Protein chains: 2
Amino acid sequence: MAAHMHKTRRAPAPTIKTLAEITGYSIATISKALRESPVVAPVTRDLIFKAARDVGYQANARGMALRTGKSFQAAVLMPVTAARDYEWDGVEYTQILSGVSQALDGTDYRMSVHVIRDAADGAEAARRIVDQGLADGLIFSGILADDPRIDLLVDHHFPFVSMGRCRKDLDYAHVDIDNEWAAHAATARLIAGGHRRIALVNPERRFSYAMDRLDGFARAFREAGIAASADLIVEGDLSTHFGRQSVIDLLQAAEPPTAFVCINESTTLGVLSGLGSLGRQVGVDVDVIAYDDINVSAYFTPPITTFYQPIEVLGRTLGQFLLKRMEGEDPKALRQVFRPTLIERQPDNLGGRLV
Amino acid sequence: MAAHMHKTRRAPAPTIKTLAEITGYSIATISKALRESPVVAPVTRDLIFKAARDVGYQANARGMALRTGKSFQAAVLMPVTAARDYEWDGVEYTQILSGVSQALDGTDYRMSVHVIRDAADGAEAARRIVDQGLADGLIFSGILADDPRIDLLVDHHFPFVSMGRCRKDLDYAHVDIDNEWAAHAATARLIAGGHRRIALVNPERRFSYAMDRLDGFARAFREAGIAASADLIVEGDLSTHFGRQSVIDLLQAAEPPTAFVCINESTTLGVLSGLGSLGRQVGVDVDVIAYDDINVSAYFTPPITTFYQPIEVLGRTLGQFLLKRMEGEDPKALRQVFRPTLIERQPDNLGGRLV
DNA sequence: TGTCAAAATAAAAACGTTTTTATTTTTCTT
DNA sequence: AAGAAAAATAAAAACGTTTTTATTTTGACA
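Residues numbered from 1 in each chain as written. Chains lettered and ligands numbered in written order. Predicted model: local features only at pLDDT ≥ 70, side-chain atom pairs only at ≥ 80, totals over all residues.

(A) Structural context of the overall build of chain A. From N to C terminus, chain A includes twelve helices and twelve strands. With respect to the three principal axes, the spread of C-alpha positions in chain A is 85 × 60 × 35 Å. Relative to all contacts within chain A whose residues are 6 or more apart in sequence, the contacts with residues 24 or more apart total 70%. (Helix = DSSP H or I, 4+ residues; strand = E, 2+ residues; numbered from the N terminus. Contact = placed C-beta atoms within 7 Å.)

(B) Inspection of the nonpolar core at higher detail. With 179 residues, the main nonpolar core has A:Leu97, A:Ile139, A:Val261, B:Leu97, B:Ile139 and B:Val261 as its most contacted residues. Sequence-distant contacts of B:Leu97, that is, excluding residues within four places in its chain, are made with A:Met78, A:Val113, A:Val115, B:Val76, B:Met111, B:Val113 and B:Gly315. (Core = buried A, V, L, I, M, F, W, Y, C linked by C-beta atoms within 7 Å. Buried ≥ 20, exposed ≤ 12 C-beta atoms within 10 Å, placed from the backbone.)

(C) Spotlight on the protein's contact with DNA strand C. Around DNA strand C sit 27 residues in total, of which A:Ala28, B:Ser31, B:Asn60, B:Gly63 and B:Arg67 are the nearest. When residues of the surface near DNA strand C are traced back to their parent elements, those giving at least two are helix 2 (27-34) and helix 4 (61-68) of chain A together with helix 1 (16-23), helix 2 (27-34) and helix 4 (61-68) of chain B. Among the residues forming the surface near DNA strand C, the class breakdown is 13 nonpolar, nine polar and five charged. (Near = placed C-beta within 6 Å. Nonpolar A, V, L, I, M, F, W, Y, C, P; charged D, E, K, R; others polar.)

(D) The arrangement of the sheet that holds strand 10 (residues 305-308) of chain A in detail. All names here are of chain A. In spatial order, the strands read 7-6-8-9-10-12; together these six strands make up an open sheet with mixed pairing. Each edge of the sheet is formed by a strand with only one pairing partner; in this case those strands are strand 7 (233-236) and strand 12 (341-343). Averaged over all pairs of adjacent strands, the angle between their axes in this sheet comes to 20°, without regard to strand direction. Summarising the sheet, strand 6 (residues 198-203) and strand 8 (residues 259-262) pair through three bridges and their orientation is parallel. Bridging across to strand 8, isoleucine 198 finds its partner in alanine 259. (Pairing = 2+ DSSP bridges. Axes fitted to C-alpha atoms, helices over the stretch in contact; angles between N-to-C directions.)

(E) Seen up close, the sheet that holds strand 12 (residues 341-343) of chain B. Residue and element names in this part refer to chain B. One open sheet accounts for six strands, arranged 7-6-8-9-10-12; its pairing is mixed. Edge positions in the sheet fall to strand 7 (233-236) and strand 12, since each of these pairs with one other strand and no more. Each adjacent strand pair in this sheet contributes to an overall mean axis angle of 20°, direction not counted.

(F) Expanded view of the environment of A:Asp171. All names here are of chain A. Position of aspartate 171 relative to the elements: it lies in the loop between strand 4 (160-163) and strand 5 (173-177). Of the residues examined, aspartate 171 has 11 C-beta atoms within 10 Å and is grouped as exposed. Between the C-alpha atom of aspartate 171 and that of proline 331, which follows or precedes it by 160 residues, the distance is 6.5 Å. Setting aside residues up to four positions removed in sequence, aspartate 171 forms contacts with Pro331 and Lys332.

(G) Representation of the interface of chain A and chain B within the structure. On the side of chain B, 43 residues touch chain A, which itself brings 42 residues to the contact. Of all the elements in the fold, those that place two or more residues in the side of chain A that touches chain B are helix 4, helix 5 (93-104), strand 2 (110-116), helix 10 (240-250) and helix 11 (265-277) of chain A. Looking at the side of chain A that touches chain B, the element that brings in the most residues is helix 5 of chain A, giving six residues. Residues of the side of chain A that touches chain B, tallied by class, amount to 20 nonpolar, 15 polar and seven charged.

Right under this line is the structure:
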């Protein structure tokens, strides 16, 4: 029967103009009322709010964006190096994004994610975001000892929060792990357990936190009055592959390590894999202590003692700080350095058992 | 000396108006020229392009957005269930985002990520994105057998690509893993190796792909003319914790399983952890076969035989399909189902060894 | 009750585009 | 060389806001 059922035309979304027609006020008044400007009379404000609720008014983000010059986007740079076969990469970013998103929840800001492949790519992305106003604020990690992004953003007064600190004396908002402290604590623990030949599986030195860890590692030896096993420091990307290969290489040295300090859950898995393939048993032949941010070490075989700091918390703090920065808060007030907590998991009889 | 060094005022970014002034053409012509409209003379087009290049003109996304009604955002719903202590969660999303981002690279679209906590949250996010025009297209996963998001989006003619298929007969763009096939192949392999008591660690049935796997699992038994070990099917979230607990529960049954089919790398790690803690050796006491999308199983101890499909490829396809959908391409033409490839890693002597 | 200040609201401009419509210029035809 | 058609360009309007400026209304005071 119904000859040609044409699609139900959806009513166009109401705008402030709609509200103006409904209430009889001008669009200027509507706008001010909705933004709770004190110049509009309380009674009309309430009236307008009611009308807005009735028709289900939602401010048009594009109109606001054009007028205000803001984008209402909080950008996050997500590093993914993933060459083929290195795909367990950046897995902790899920948690970071989750944390940032939680902080942004209920605000007008959305989270946009920019995947970057390396440091140069990251610098370029930051530049583009600033130049084109792609976002109102920026969050990023993998801070280099001398990071061009930080210089750029500070210079442009662009709101940002970095996860990690660079090694320059600049004022900027940041969240970080106390890497020096953690590396020191881990190393000192192994030294106290009798280890002398301790390997450090570390990121490349251009990363700021790689330096921090080297510092902590060295301090532990210094405080114990022993020469650091500097020849057992390996540096590379944070892949599982790298962890595995490092173990295989290190263990065929003349004086092989009796213990390992690992950088993150990804390399730790690689280290365990390497040890397993060489038939070495963790907690018997060798000790491993790691840093973990996604609480996965409990499931390794065997479970590994770690310094644990849930990275989602950092993500949340990053988001909160960024919101404040975007509102103009002084970056000096927006700094937080977390100390991970030790979680003992091995049947850990570190105390003269080995060596 | 320099008394009061005032900040160098950055020149305002050039607009089409700037270009109009420089070239002497009207803004209408500038706009059309930049968009390569055929109505503008080639010679003036070139002239305008040159001017644009010279002054470093970048189209203002906000102006375009307002005028066109588009947002130039491709939204991705990222599920993060992460209760405390279940934090190795959704780790494959890094790769998905990476893939989507690759596809979007070089286009005008940016990727915005919306974190969702559960199915209801996801439905709400989809609704908000559609209603408020937060994005021009949507990508999401974790498809339910009867997924409200798909109904909503199809109904609104909103461009989207789902990772996974729902169990309703609707036309929509999607990318999927052939879960039925993979579950069948894994189960059949174990049956051929002599296993009869095979456990399936599966997601909850409301997920479409959980059903697909059940189908494949059942088919393998049916084809072998054996009754399926239906009592060994466990269903839960995809956490490592669940994998571990499932093993512990299953192995104290009257007739425990001699093999496990695992759903993803996260549960697999849990299963291995559970087996390890019970002193069972994979490849000796019990066989495990898994599905892996981030290529991490090679590093488990022992390495696990898996059906592997790099999920970044799916991400890339999702992004490519979405672009096409947003350009109006027929969803019927945008479907792809991937079959993972078997990677044998165990010293796998499946062939009458057990049982 | 008339004047003036304060309060409330309205009008208009602007943000940077795209698109529709109008105008001018060029080219072709005869 | 005139006229018409086609090509090229310009003008103007619109997208939905916010903000600045202008106008009207109200209230206080004498």
